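# Geometric and topological summary
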Amino acid sequence: MKTEDISLFHRIVETGSLVEAADILNLPKSTLSRRLQALEDELSVKLFHRQSRSMTLTASGSHFYDKTTSMMSSLEETLSELTNEKTDVGGHLRILVFPIPELLQITQGILHFMYLHPSITVEIIVSAEPQDMIRNNIDLAFMLEDSFNENEMVARHIMSETVHFFASPEYLARAGTPQTPEEISEHNSILFRYPNGRIFNEVPFGQDMVLSVKGNLCVNNLSVCLEATLAGAGIAMMPLPFCQDYVKTGQLEMLFKDSAPYEGKCYLVYPSRRYISLASQRFIDHMLIELENCSQTGTCNQIAKIRGAIKPLI
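Below is a short write-up of the structure.

Calculation rules
Residues numbered from 1 in each chain as written. Predicted model: local features only at pLDDT ≥ 70, side-chain atom pairs only at ≥ 80, totals over all residues. Heavy atoms only, no water. Helix = DSSP H or I, 4+ residues; strand = E, 2+ residues; numbered from the N terminus. Contact = heavy atoms within 4.5 Å. Areas by Shrake-Rupley, 256 points an atom, 1.4 Å probe, with all protein chains shown as cover. Salt bridge = Lys/Arg side-chain N within 4 Å of Asp/Glu carboxyl O. Buried < 20%, exposed > 50% of the residue type's maximum accessible area, 1.4 Å probe, protein only.

## Comments concerning the overall build of the protein
Of regular secondary structure, the protein possesses ten helices and 13 strands. Once local pairs closer than 6 in sequence are excluded, the contacts in the protein between residues at least 24 apart make up 76%. As displayed, the protein has an accessible area near 16,100 Å², and 49% of this comes from carbon and sulfur atoms.

## Thoughts on the pattern of salt bridges
Scanning the entire structure with this criterion turns up five salt bridges. Between Arg35 and Asp5 there is a salt bridge, with the nearest N and O atoms lying 2.7 Å from each other. Note that Arg35 is positioned in helix H3 (residues 29-43) and Asp5 in helix H1 (residues 3-15), a separation of 30 residues in sequence. Judged by relative accessible area, Arg35 falls into the partly exposed class, the value being 24%. Across the pair Glu20 and Arg135 runs a salt bridge whose closest N-O atoms are separated by 3.0 Å. Highlighted residues: Glu20 in helix H2 (residues 18-25) and Arg135 in the loop between strand S4 (120-126) and strand S5 (140-144), separated in sequence by 115 residues. With a relative accessible area of 36%, Arg135 lands in the partly exposed category.

Below is the structure:
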């Protein structure tokens, strides 16, 4: 019995559809169906009730899924313990990245990982939309705090960034400049909606303040938020690295400079209900080191020397 076929079985369970699983795994439906049938023949049990548009587990299938989840997790953990950290690993990783200012650093870290492990294939999904990581077969995600359900995820803190209030000179000339953070509630703010559906209208600021903001525009993308702020649509709370060039040119003004900024956190998360593959474990270890180096040096120096080597892979 091949562990790869058990893994494919898991993906079918999690998507609930042979067609969706085949699309996500980039495999012909006929191949996936044949391998599932071979697994059932080997086990001498029926794993799914097959319907026209969906597949549901039989009692035997549900039992097999529960047992093999822990089994696969133990196997991956054992492989991790036995293999050298520099040993090449294979497989495919689907990685979701929230559109944050450090997107370039994260991308560089992913490319460096591919360079170190040429057998790995990767799909990067950049989205601020809600994603069911299990159903969409997403192995890992880079997400901001409060944008995921902590009960369903394992989260590793990987970076922090200072977040400030910004406005254009045009908006401040028209609406006035708030002198204290508490006055922000009297202004039009550009609201932000997280992937989990929550609107960011109760804003943490400084060490112990929570400010209420309101506005006539809500977005779920930082670039759109920046563009709206530059256009004078309102006051926005954004990461400093995303806005500092516009502050230097006078296109934006940073408010409340004497107040301690809010520190936003970004996490590397993965579903707690799914076993984590050896490739994912190696990737997590790699990114923790890679992003720490980036934060210390201010840049990711590895990418310049590996671009030529990576080019044939992507």
